[in-house]
Amino acid sequence: MRSLVLPAAPLLLASGAFSFPGPAHLTPGIHFAPDHVGEAGGWHDIAGSMTHKGVHHIYMGTGWNHHLSSDLVNWEMGAPGPQALEETYAGMYSNTDPCSGFLTKDPDDNNRVCAGFRQCGSDQGVSGMNPWDVPMEMRCALDDDLSSWATLDTSPAIDYLFNVSWYRSIPYDPARPWWDPIDNQHYLLMYTSPALRGPKMDWKYVGDVFTSNSTVLQDGFLSKEFVTIDFLGSFDNDPDPSKRTLVMLNNVGGNGGGDGCCSGTTSYFALNQEGPGEPFTETGGGQDMVDWGSFTPKADSTAVGLDRLDGTASRGFSMARTLGSEEPNQVFAPGRRVLIGWTGPDDADVFQGVGSAQSLPRELDLASDKSLTQRFVPELQTLREKHQSTSDASPEMDVGGLQAEVYAVFPETCGATADCSLSLLSDGKAATTITLNSDIGLVTVDATSQGNTAVRAGPMPPPKEDGGGYAIHAIVDRSILEIIVNNRTAFVVYAAPDETATGVAGTGVSKVDVWALKDAQNVI
Ligand SMILES: *[C@@H]1O[C@H](CO)[C@@H](O)[C@H](O)[C@H]1NC(C)=O
Ligand SMILES: *[C@@H]1O[C@H](CO)[C@@H](O)[C@H](O)[C@H]1NC(C)=O
Ligand SMILES: *[C@@H]1O[C@H](CO)[C@@H](O)[C@H](O)[C@H]1NC(C)=O
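Residues numbered from 1 in each chain as written. Chains lettered and ligands numbered in written order. Predicted model: local features only at pLDDT ≥ 70, side-chain atom pairs only at ≥ 80, totals over all residues. Heavy atoms only, no water.

### Re the sheet that holds strand β13 (residues 191–193)
- Within the open sheet, the 4 strands sit side by side as β11-β12-β13-β14. Their pairing is antiparallel. Strands with a single pairing partner mark the edges of an open sheet, and in this sheet they are β11 (178–180) and β14 (204–205).
- In the sheet, β13 pairs with β14 via 2 bridges, with the strands oriented antiparallel. Counterpart to Thr192 in the pairing with β14 is Lys204. (Pairing = 2+ DSSP bridges. Helix = DSSP H or I, 4+ residues; strand = E, 2+ residues; numbered from the N terminus.)

So, in structure tokens, the structure goes:
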């Protein structure tokens, strides 16, 4: 997505508002939030992501700012990715920042890492057409550290793949291309070519990526293009690998294209593709959400589940992309699918529209019904410090700080005959409280006593398949909470706790484990 949607930060910084680093007790220490993300408004898409020679690379807007890590926990800044260049091409004149796109590797050039994107706009489009008529462009890294990138004068130089008019039916911000092992061709936005770039490329249009205007809410619909899409496949637990199950990520309502849903939050469709270049068909249960931070329970509604939700609140998590595997083909080759997105901007009273961050990495897989499952990557466990555990049904524990990992298990009777809730960042007066309401089919996250502007809610997931009821897994990082219920219903929520809000409490708990967490060794 691009900057038109969100007003620039200075307009939002009312006097007295803090931005990161802000008050120390609210500044996240596990989430990576360098100034260009934490203190700036505008777009903070994951513009591209790739694991290369053991290093995880994230490029995060505005522009291709480079974050890197060798362990998915501790991050630092790297040399910037592709930058604005004066370019002329077939009548186009442009000198703007590359928009979000993808990173891939070119198998015909020793797995060189290449970035693909289009210009966010141009002064003049291809053949004197509209400013959004620009070529799909690829610029490759000149080294394995991704410290310098192709320009017009380098070898390799910039490649122009095919011309696209991005208005409006073509997805905004291209998905990472893939290679299909059945016909040995590359696919990108449903163009196909025997080579990714260079003299052997020959991109030809083969069809649409996928067409749908539906959203997860019955009364919400898509009125413009998909935004910042991606395709993932070959999941370890794909229940039916012969059907080529794929997941298409889309950020519903980004660029204002979602009526009644979903504030630009990352969503997905489970799809099948029978053969190379064939149309995608829906499988699984229709559109679903990777994150529910932008959903709120409707006032006065007595409906159950999704029908009780409004999807237009400020978003928690969006514009996500994956890495984790050296293998660039994340569609038809197996490998880790680790999702990283943009958290925020915060809409609580504290950071007032800034305070964005790079999300914690989540490992993705498929459930037996082709829903996406999520869990925090195990690498995050290296931040664990003091551990406490209890089977007290109404625990009260003191973490000793505002950073904690909490894994709380509840019985299957939650919401039916038992009240089940977990309070984080509790100081006895205020807290952020997660409640499992199976009677109304919703999980709610209430941080309104700590500055959040609305109660957030998502669907109650099915009970765990092993008969273990429900599990709330949360990582609290001062003002940013990431919560995953039964590996399905996830939320990013912002809160502004007092410094003394170090408690964890619960109702109807079967067992809870709590770890104090230390800061990551992020270098900003
Ligand atoms: C894009 O369109 C221009 C003008 O029609 C044409 O000259 C050029 O070859 C096209 N380039 C590609 C990569 O399709
Ligand atoms: C959604 O698409 C369907 C099928 O093309 C169409 O019949 C329907 O009117 C569309 N709905 C909206 C709200 O645009
Ligand atoms: C669900 O999450 C837990 C805790 O993060 C993890 O141990 C488990 O492997 C996950 N299960 C699935 C199916 O992803």
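### Considerations on the confidence of the model for the protein chain
- Model confidence for the protein chain is summarised by a mean pLDDT of 92, while 95% of its residues fall at 70 or above.
- Contacts for the low-pLDDT stretch residues 2–18, under 50 throughout, to residues beyond four places or in other chains number 24 contacts. (pLDDT = per-residue confidence, 0-100. Contact = heavy atoms within 4.5 Å.)

### Concerning the site of ligand 1
- What surrounds ligand 1 is the set Tyr89, Ala90, Val126, Ser127, Tyr160, Leu161, Phe162 and Asn163.
- In this structure, Tyr89 approaches ligand 1 through a side-chain N or O atom, which is 2.6 Å from a nitrogen atom.
- Between Ser127 and ligand 1, the recorded distance is 3.4 Å, taken from a side-chain N or O atom to an oxygen atom.
- Contact with the protein chains removes 50% of the 370 Å² of surface that ligand 1 exposes when unbound.
- Tallied by class, the residues present in the shell around ligand 1 amount to 6 nonpolar, 2 polar and no charged. (Near = heavy atom within 4 Å. Polar contact = N/O pair within 3.5 Å; in protein donor to acceptor, adjacent residues only side chain to side chain. Areas by Shrake-Rupley, 256 points an atom, 1.4 Å probe, with all protein chains shown as cover. Nonpolar A, V, L, I, M, F, W, Y, C, P; charged D, E, K, R; others polar.)

### Quick notes on the UniProt feature "domain: Glycosyl hydrolase family 32 C-terminal" (unreviewed entry) in the protein chain
- With numbering matched to this structure, UniProt assigns "domain: Glycosyl hydrolase family 32 C-terminal" (unreviewed entry) to residues 380–504.
- This span, residues 380–504, is 0% helix and 49% strand, and a straight line between its end C-alpha atoms measures 20 Å. (UniProt positions renumbered as here; feature names shortened; annotations may be inferred.)

### A closer look at the domain arrangement of the protein chain
- Domain assignment breaks the protein chain into domain 1 (33–378) and domain 2 (385–517).
- Each of domain 1 and domain 2 has a C-alpha centre, and these two points are 30 Å apart.
- Each partner contributes to the interface: domain 1 provides 40 residues, whereas domain 2 provides 31 residues.
- Here domain 1 meets domain 2 over a buried area of about 2600 Å², counting both sides, of which 60% is carbon and sulfur.
- The tally of links between domain 1 and domain 2 comes to 2 salt bridges. (Domains from an automatic or database assignment. Buried area = accessible area lost by both parts, 1.4 Å probe. Salt bridge = Lys/Arg side-chain N within 4 Å of Asp/Glu carboxyl O.)

### Quick notes on the state of the cysteines
- Taken as a whole and assessed by the stated rule, the structure comprises 4 disulfides.
- Disulfide partner of Cys99: Cys120, at an S-S distance of 2.1 Å. The chirality of the disulfide connecting Cys99 with Cys120 is right-handed, given an S-S dihedral of about 110 degrees. In this pair, Cys99 sits in the loop between β6 (92–94) and β7 (102–106) while Cys120 sits in the loop between β8 (112–117) and β9 (133–140), placing the two residues 21 residues apart along the sequence. Per residue, the accessibility class of Cys99 equals that of Cys120, and both read buried.
- The disulfide bridge from Cys261 ends at Cys262, spanning 1.7 Å between sulfur atoms. (Disulfide = S-S within 2.5 Å. Buried < 20%, exposed > 50% of the residue type's maximum accessible area, 1.4 Å probe, protein only.)

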